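Read off the chains here:
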Amino acid sequence: MTKLIKSIIGHRTALAGLLLLVLVTAIAIAAPLIAPHPDAAESFHIDRRLMPPSSEAILGTDRMGSDIFSRVILGARMTLLITAAVVCSGVIIGVPIGLIAGYFNTGLSIALMGVAEVLLAVPQIILAIAITQSLGPSIGSVILALSITYWPFWARLVYAETRSICNEIFVESAIALGASSWRVIFLHILPNIASSIVVRTTVAVGTTMFASATLGFLGLGPPPPSPEWGRMIAESREYLPEAWWYAAAPGLALFVTVLGFSLFGDGLRDILDPKTRRSG
Amino acid sequence: MTALLEIRDLCLAFRTDKGPAQVLDGVDLTVAPGEIVGLVGESGSGKTSLARAILGALPVPQAEIASGRIRLDGVDMLRGGKAAESLRGRVVTFVPQDPLDSFNPLFRVGTQLADIMRYRAPPAKEGRFGNARHARETAILEMLDAVQLPQSRALLDRYPHQLSGGQRQRVMLAMALLPQPRMIIADEPTAALDVTVQVQILGLLRRIAAERGVAILFTTHDLGAAWEICDRIIVMYAGQIAEILPRTAFFAKSRHPYTRMLLASLPEPGREAIGISGESASPLSPPPGCRFHPRCPMASDICRKARPLPSRSEDGHLVACHHPWAAASSPAHV
Amino acid sequence: MNAYSVVANRLVWFLPTLLGLLAVVFVLARIVPSDPAVLAAGENASAEQVQETRDRLGFDRPLLEQFVEYLREVARGDLGTSVYTQQPIIRDLAERLPATLELTFVGVLAAALIGVPLGVLSALHRNSWLDHMLRLASVLLIGVAPFWIAMQLQMLFSMQLGWLPLSGRIDDVAPEAVTSLITIDALLAGDLQLFLSALRHLVLPALTLALPGGAVVMRFTRTAVLDAVTSPSVAYQTAMGLPRRVIVWKYILRSALTSTVTQLGLVFGISITGAVVIEAVFEWPGLGTYAARSILHSDYNAVMGVTLCAGIVFAISNLLVDLLQMVIDPRGVK
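Remember, it's a predicted structure, so these values are computed and weren't measured experimentally. The residue numbers shown here count from 1 along each chain, following its written sequence. Here the convention is simple: chains get letters from A, ligands get numbers from 1, in the order in which they are written. The predicted origin of the model limits local features to residues at a pLDDT of at least 70 and limits the giving and counting of side-chain atom pairs to 80 or more, whereas totals for whole chains, interfaces and linings rest on all residues. Heavy atoms from the whole structure form the basis of all side-chain values; hydrogens and water molecules are not counted.

Participant: Is there a simple way to think about the interface of chain C and chain A in this case?
Facilitator: Many descriptions give the size of an interface as the accessible area lost when the pieces come together. Whether two residues are in contact is decided by their heavy atoms, any of which lying within 4.5 Å being enough. In this assembly, 45 residues from chain C lie in contact with 42 residues from chain A. Across the chain C/chain A interface, buried area totals approximately 3800 Å², and carbon plus sulfur atoms make up 75% of it. Polar contact criterion, stated in full: a pair of N or O atoms within 3.5 Å, where within protein one must be able to donate a hydrogen and the other to accept it, and residues adjacent in sequence count only if both atoms are side-chain atoms. For the pair chain C and chain A, the interface holds 1 residue pair in polar contact (both at pLDDT 80 or more). Listed by contribution, the elements that provide at least two residues to the side of chain C that touches chain A are α1 (3–30), α6 (129–143), α7 (146–160), α9 (192–229), α11 (244–282), α12 (287–296) and α13 (300–328) of chain C. Helix and strand definitions follow DSSP, with helices as H or I runs of at least four residues and strands as E runs of at least two, each counted in order from the N terminus. If you tally residues by element for the side of chain C that touches chain A, the top one is α7 of chain C, at 8 residues. Here the term charged refers only to Asp, Glu, Lys and Arg, the term nonpolar to Ala, Val, Leu, Ile, Met, Phe, Trp, Tyr, Cys and Pro, and the term polar to all other amino acids, Gly among them. In terms of residue class, the side of chain C that touches chain A is built from 28 nonpolar, 12 polar and 5 charged. Summed over both partners, the accessible surface that disappears when two parts come together, traced with a 1.4 Å probe, is what is meant by buried area.

As structure tokens, this is what we get:
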């Protein structure tokens, strides 16, 4: 573990990503304290509509007269919350399904992986839009819709890795020595595929953020006046190009957050997966 | 007779994360025209790096040649620039260790042969109509015949993965011969092959060398294979030359304890193979004095302090050891 | 595997997958909180009219029965009628699919044209400032949300500079539909003006797809070229003295393209996903806008039609990638 931390610190890309992530997370956690006008983030101030950036509102105000800077940093909480929930449930659903289907390899495996393949057979976003629409726009339905559509990515990866590792000598010998199935799965297989899962997860974080912002952008995310980045960008479209600052702030916030994760993920892949190291 | 290949005091290091690794240390050797020389040693003894140094195929950023020179046919291969480049693939060619990996899997065997022929071989004698392409194909087919690949025309249309291991190595041999070289460097050419095919390929190498007067520098960890075909054997240990044996000294007269132990580790009917205990010397921190001393049964104080200087006897037998086994031609000196 | 077994294998998986997909969407559509019969009967329908619609469309029968009935209709080529457009859904799809295909195809083509040369350049000048700049640019582009790129492009090129149209697919009446790809139809009709107009409409949405797509292609190509450069076959060709230009532009490029083609299928998939939201921004009359609108209006027959259509397009693109890979890689599909 300390070795991993050392290599992350020694890896420029991973370190840059990590620093961005720490920054974004810190802002999200401390958002109510940092936001200059937290009370003005979700209420209507007709006299302050669409003001360009100034000393009073450093990123300007939106169509409701709310302080965009406050909304953007409060929005970080929402984005991180949705992403964390979706990624966690993706891992919690997908990894065990992949492990079980891969290890036991019975009719159940075919059924489970069949469901996964079905969900992967169509653009995820269409499925997610359909589910969110059925459930009505809210944070909960975004999380549920994305969890349902994204777990197959982990399931497929873990399934494939488990299948190939089951043929390795050390797993075969553990089985031959009479270790119980669960023991083999948790002590022999899981530790060996953990790095692939970690790498896949860092990639998934960026994808999930885009997907949740896309749902917000299409009007399916948390309802207004929630400070959701995708919806803020969508709202700004009517006021372009005059209110250029309106879309700029949430767009940049989304960009920085996704960038942090993808840099960190790239670095982590270099560190954990020696096969791809030469691409670095 | 002047030497075709002459290596003097070659020292080579690789830069690694843990500091410089000394891969070759003061290597001297010569190869005469038409001679078959075997470079024998364990993996890590530096034999492959030596072969690569001659071919200019060392990993560029890591490799550092501290001193020494390599002259091939009078050209400095380390600092020769264009002149050295034009020798590679013409005067000296290469048979690699793993023929499957050394082919590009996406191109037909014929295409890859044709490119070697086109860019490296001396212009083929043109036919009456001056069709160079046709002449090249004829030359290729003749060469495939020479390496005992029958029905070679059909072979040209196949992809590398469709050939057997033996066929692939024969094609590699043909590619090495097409430029009509004076020397072939063969880096463990039989390592990837079945035992029966190994014997055939070795026989072919020997015959080709004899027929065409090509010198062969042949690296192997298999002393037995070297015994089969070589005129001279150079035993390397940890980047240094331990012993150079002329053909006459092959069996009874090896004098270096390491060669003796290698010989004893060969399986033979009626005798258990004896392994060599201990680990090969680390190139990062080679032991002082004689590099073999930690594993040597004969080691004494002097072995731990001073590097043994090579002593040469009249028949060309060279040994670098403080306590060599007694040989008829020269007395052991302690 | 030969071409037949590749196609057969895909088909074997394709039908059950499609069936499963339809079942999922079918169930989803029926748990929509709003009553589909109310929507289908229209806004001002009386209670009797709603009941009549419900009977006519069979909304009160068991789910499984409805599903089987639906499948039967699909098998006859009848996807039902859209509640929103009041048109047969198959006709809606036929009108919109070409728009999406045109956009995605141009986007992926542009991504390949941008990504492949830059990837090769980046790999050949590994660790130079050019390589670092290109890699930085690719990380940045992959990190930007597609709809945000779309809006920035609109703001710059349409609103401020006025060079390109803000949205839509064509200014005037569309040319006579032959392929339904407007650019090609305009050329077929010999109407250059129309062709240019269609092209101008395509630029921004296609660029929105191509920027992140090109960044992805560039990364893949760079990795593939680096893999090829460090491969044993290139080491062999270098040792044999083949000219560098032949090694790079004949052998390495071909190896790199083989893996890039496989990745292009992936990029196509990403692009179709991106198309949903990009079409919304550019009001591009394609499948994405149709899907979003159908979902928002609970037009579930249309949603199922879109899903079916997207599944088929996905499957066909995967099949094409498999076949293409088989053509360019003689070792066949992995």
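Participant: Help me out: how do you make sense of the pattern of salt bridges in this one?
Facilitator: Side chains bearing opposite charge may pair, as long as their charged atoms lie close to each other. Residues and elements named next belong to chain A. The term salt bridge refers to a pairing of a side-chain nitrogen on Lys or Arg with a carboxyl oxygen on Asp or Glu at a separation within 4 Å. If you walk through the whole model with that rule in mind, you get 17 salt bridges over all chains. The shortest N-O distance in the salt bridge between E117 and R156 comes to 3.6 Å. Pair noted here: E117 is in helix α5 (residues 107–120) and R156 is in helix α7 (residues 139–166), with a separation of 39 residues, a long-range link. Note on exposure labels: buried denotes an accessible area under 20% of the residue type's maximum, exposed denotes more than 50%, and partly exposed covers the range between, all computed with a 1.4 Å probe on protein chains only. Judged by its relative accessible area of 37%, R156 falls in the partly exposed class.

Participant: Honestly, empty space enclosed by the protein in this entry has me stumped. Any pointers?
Facilitator: Where empty space is left in the structure can be found by rolling a water-sized probe over the atoms. With a 1 Å grid laid over protein atoms only, a set of points is called a cavity when a 1.4 Å probe fits there but cannot get out and a pocket when it is open yet has protein on both sides within 12 Å along at least five of seven lines; lining residues have an atom within 4 Å of a point. Grid points are joined across faces, edges and corners, and a volume is the space filled by probe spheres set on the points. One pass over the structure, following the stated rule, counts 7 cavities of 30 Å³ or more. Estimated volume of the second largest cavity: approximately 90 Å³. Forming the walls of the second largest cavity are 14 residues, and the residues nearest its centre are I126 of chain A together with T100, I272, L287 and A310 of chain C. Elements supplying a minimum of two residues to the lining of the second largest cavity: α5 (89–124), α11, α12 and α13 of chain C. Here the lining of the second largest cavity is built from residues that sort into 11 nonpolar, 2 polar and 1 charged.

Participant: Help me out: how do you make sense of the UniProt feature "transmembrane region" (unreviewed entry) in chain A in this one?
Facilitator: Residue and element names in this part refer to chain A. UniProt positions are given in the numbering used here, feature names are shortened, and annotations may be inferred rather than shown by experiment. Listed under "transmembrane region" (unreviewed entry) in the UniProt record, and renumbered for this structure, are residues 80–104, 111–132, 138–157, 197–222 and 243–264. Taken end to end, residues 111–132 has its terminal C-alpha atoms 25 Å apart, with 86% of it in helix and 0% in strand. The span residues 138–157 is 95% helix and 0% strand, and its two end C-alpha atoms sit 30 Å from each other.

Participant: What exactly am I supposed to notice about the environment of V248 of chain C here?
Facilitator: Residues and elements named next belong to chain C. Checked against the element boundaries, V248 lands in helix α11. The class of V248 is buried, set by a relative accessible area of 9%. When the C-alpha atoms of V248 and M155 are compared, they prove to be 42 Å apart, with 93 residues separating the residues in sequence. In contact with V248, not counting residues within four places along its chain, are L124 and L253.

Participant: Mind showing me how you'd approach the nonpolar core here?
Facilitator: Across soluble globular proteins, you tend to see nonpolar side chains buried next to one another. In terms of nonpolar packing, the biggest core is built from 130 residues, with L5, L29, L113, L144 and V171 of chain B touching the most fellow members. The leading source of residues in this core is α11 of chain C, at 9 residues. Aside from chain neighbours lying at most four places away, what touches L5 of chain B is L29, T30, V31, I54, I70, R71, L72, M183 and L217 of chain B. To qualify as a nonpolar core, a set must consist of buried Ala, Val, Leu, Ile, Met, Phe, Trp, Tyr and Cys residues joined through side-chain atoms within 4.5 Å. Counting residues in each nonpolar core, the second largest holds 124 residues, with A76 and A145 of chain A together with L93 and L202 of chain C among its members.

Participant: Mind showing me how you'd approach the interface of chain C and chain B here?
Facilitator: Each partner contributes residues to the interface: chain C has 19 residues there, and chain B has 26 residues. Roughly 2100 Å² of surface becomes buried between chain C and chain B when both sides are summed, with 67% attributable to carbon and sulfur atoms. Per-residue buried area on chain C facing chain B is highest for Y236, M240 and Y251 of chain C; these three make up 33% of the total on that side. At the boundary of chain C and chain B, one finds 1 salt bridge. Notably, a salt bridge pairs D115 of chain B with K250 of chain C, separated by 2.7 Å at the nearest N-O pair.

Participant: Any chance you could explain the pairing of strand β2 (residues 19–31) of chain B here in plain terms?
Facilitator: On a regular strand, one side chain projects to one face of the sheet and the next to the other, so that they alternate. All names here are of chain B. Judged from the 9 bridges that link them, strand β1 (residues 5–16) and β2 form a sheet pairing that is antiparallel. Within β2, the position partnered with A13 by the bridge is Q22. Joining the antiparallel neighbours β1 and β2 is a turn of 2 residues. DSSP calls a pair of strands paired once it identifies at least 2 bridges connecting them.

Participant: Looking at this structure, how should I read the sheet that holds strand β5 (residues 75–76) of chain B?
Facilitator: In a beta sheet, neighbouring strands are held together by backbone hydrogen bonds and run either parallel or antiparallel to one another. All names here are of chain B. Strand order in the open sheet formed by 4 strands is β2-β1-β4-β5, and the pairing between neighbours is antiparallel. Because the sheet does not close on itself, it has two edges, and the strands there are β2 and β5. Pairing of strand β4 (residues 63–72) with β5, which is carried by 2 bridges, proceeds in the antiparallel orientation. Looking at β5, one finds that R71 is bridged to D76.

Participant: Got a minute to help me understand the side chain of S147 of chain A in this structure?
Facilitator: All names here are of chain A. Mapped onto the elements of the fold, S147 is located in helix α7. For S147, a relative accessible area of 6% translates into the label buried. There is a polar contact of 2.8 Å between the side chain of S147 and the side chain of S89. In this structure S147 touches A85, V86 and S89, once residues within four positions along its chain are discounted.

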